[in-house]
Amino acid sequence: MTHSELDLSTPENALHALEDACRNGDRELALRCRNFEHEAELLLHHPRARGNAPAPPAQAAPADIAQALEREWRQTSLPDFLGVSTSVVAVEHFGGKFFLVTQNVRNADGRTFAQRLYMSHAESGWAVLRPVPAYEPPAESKPWWAVWR
């Protein structure tokens with residue numbers, strides 16, 4: 001995939017583009033699948049997305065947090081997706097431009113598991129933000145009488 005062929009039109013396309021970029025060691029292409037400004041906004045305004053991580057300082061500017069997130073991401077090695085296949089099984093609205101995406105993953109050794117990721121959607125397309133801190137099964141709607149228990 002080249003930079004001009006990047007398709008971020010769906011959550012699955014964005015995730016597969018990121019995985020392909022990581023498989024090919026193309027950090028710049030992988031970077032185009034991420035959005036650190038949205039990730040900073042998510043961390044600032046949605047504490048549940050942080051999990052056990054400390055809250056960013058209240059006086060920190062979102063741009064500074066985004067730069068720190070990008071710097072941290074650039075300093076880590078790219079994930080190894082060799083032999084891994086994935087498929088998106090659910091997309092749930094989280095709030096505003098943020099979504100929780102459930103993805104089934106099959107490793108090269110045949111093991112399978114589900115993982116959830118935060119993603120965002122904007123004019124430029126879908127962007128991968130961060131994994132959900134701990135797996136939370138999708139919320140099931142309760143029957144109307146369950147609220148009285």
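First, a word on what this report is: a plain description of the structure on this page. As the structure is a prediction and not an experimental result, all values here were calculated from the model.

Describing the state of the cysteines
For the structure on display, the rule yields zero disulfides. A disulfide-free cysteine, Cys 22 has its sulfur positioned 8.1 Å from the sulfur of Cys 33, the nearest such atom. Relative accessible area serves as the criterion here: at 0%, Cys 33 is assigned to the buried category.

Topic: the sheet that holds strand E3 (residues 112-122)
If you trace the four strands from one edge of the open sheet to the other, you get E1-E2-E3-E4, paired in antiparallel fashion. In this open sheet, the two edge strands, each paired with only one partner strand, are strand E1 (85-95) and strand E4 (125-131). Across the sheet, the mean angle separating the axes of adjacent strands is 35° when strand polarity is ignored. Bridge count between E3 and E4: six bridges; the pairing is antiparallel. Looking across to E4, one finds that Met 119 is bridged to Val 128. Against the sheet, helix H1 (residues 11-23) touches E1, strand E2 (98-106), E3 and E4, its axis set at about 125° to E1.

Re the pattern of salt bridges
Scanning the model with the defined rule gives eight salt bridges in all. Between Arg 34 and Glu 39 there is a salt bridge; the shortest N-O distance is 2.6 Å. Grouping residues by exposure puts Arg 34 and Glu 39 together as buried. Glu 92 is paired through a salt bridge with Arg 116; the nearest N and O atoms lie 2.5 Å apart. Pair noted here: Glu 92 is in strand E1 and Arg 116 is in strand E3, with a separation of 24 residues, a long-range link. Classification of Arg 116 as buried rests on a relative accessible area of 4%. Salt bridges linked by common partners bring Glu 28, Glu 70 and Arg 74 together as one network.

Structural notes on the nonpolar core
For soluble globular proteins, nonpolar side chains are generally found buried alongside one another. Residues Ala 30 and Met 119 are the most contacted members of the largest nonpolar core, which totals 29 residues. The set of elements that each furnish at least two residues to this core consists of H1, helix H2 (27-32), helix H3 (36-45), helix H4 (62-75), E2, E3 and E4. When residues in this core are grouped by element, the largest group, six residues, is from H1. Leave out the neighbours within four places in its chain, and Ala 30 touches Leu 18, Ala 21, Cys 22, Trp 73 and Leu 78. Phe 94, Leu 100, Tyr 118 and Val 132 belong to the second-largest nonpolar core, a separate cluster that totals eight residues.

Let's talk about the layout of surface pockets
Considered as a void within the structure, the largest pocket measures approximately 620 Å³ in volume. Along its surface, the largest pocket is lined by 29 residues, and Arg 34, Trp 73, Leu 129, Arg 130 and Pro 131 are the ones closest to its centre. At the level of elements, H1, H3, H4, E3 and E4 are the ones that each hand at least two residues to the lining of the largest pocket. Counting residues per element, the lining of the largest pocket draws most heavily on H4, which supplies five residues. Residues of the lining of the largest pocket, tallied by class, amount to 19 nonpolar, three polar and seven charged.

Conventions adopted
Residues numbered from 1 in each chain as written. Predicted model: local features only at pLDDT ≥ 70, side-chain atom pairs only at ≥ 80, totals over all residues. Heavy atoms only, no water. Disulfide = S-S within 2.5 Å. Buried < 20%, exposed > 50% of the residue type's maximum accessible area, 1.4 Å probe, protein only. Pairing = 2+ DSSP bridges. Helix = DSSP H or I, 4+ residues; strand = E, 2+ residues; numbered from the N terminus. Axes fitted to C-alpha atoms, helices over the stretch in contact; angles between N-to-C directions. Contact = heavy atoms within 4.5 Å. Salt bridge = Lys/Arg side-chain N within 4 Å of Asp/Glu carboxyl O. Core = buried A, V, L, I, M, F, W, Y, C linked by side-chain atoms within 4.5 Å. 1 Å grid on protein atoms, 1.4 Å probe; cavity = no way out; pocket = protein on both sides within 12 Å on 5 of 7 lines; lining within 4 Å. Points joined across faces, edges and corners; volume = space filled by probe spheres on them. Nonpolar A, V, L, I, M, F, W, Y, C, P; charged D, E, K, R; others polar.

Don't take any of this as a statement about function, it's just geometry.
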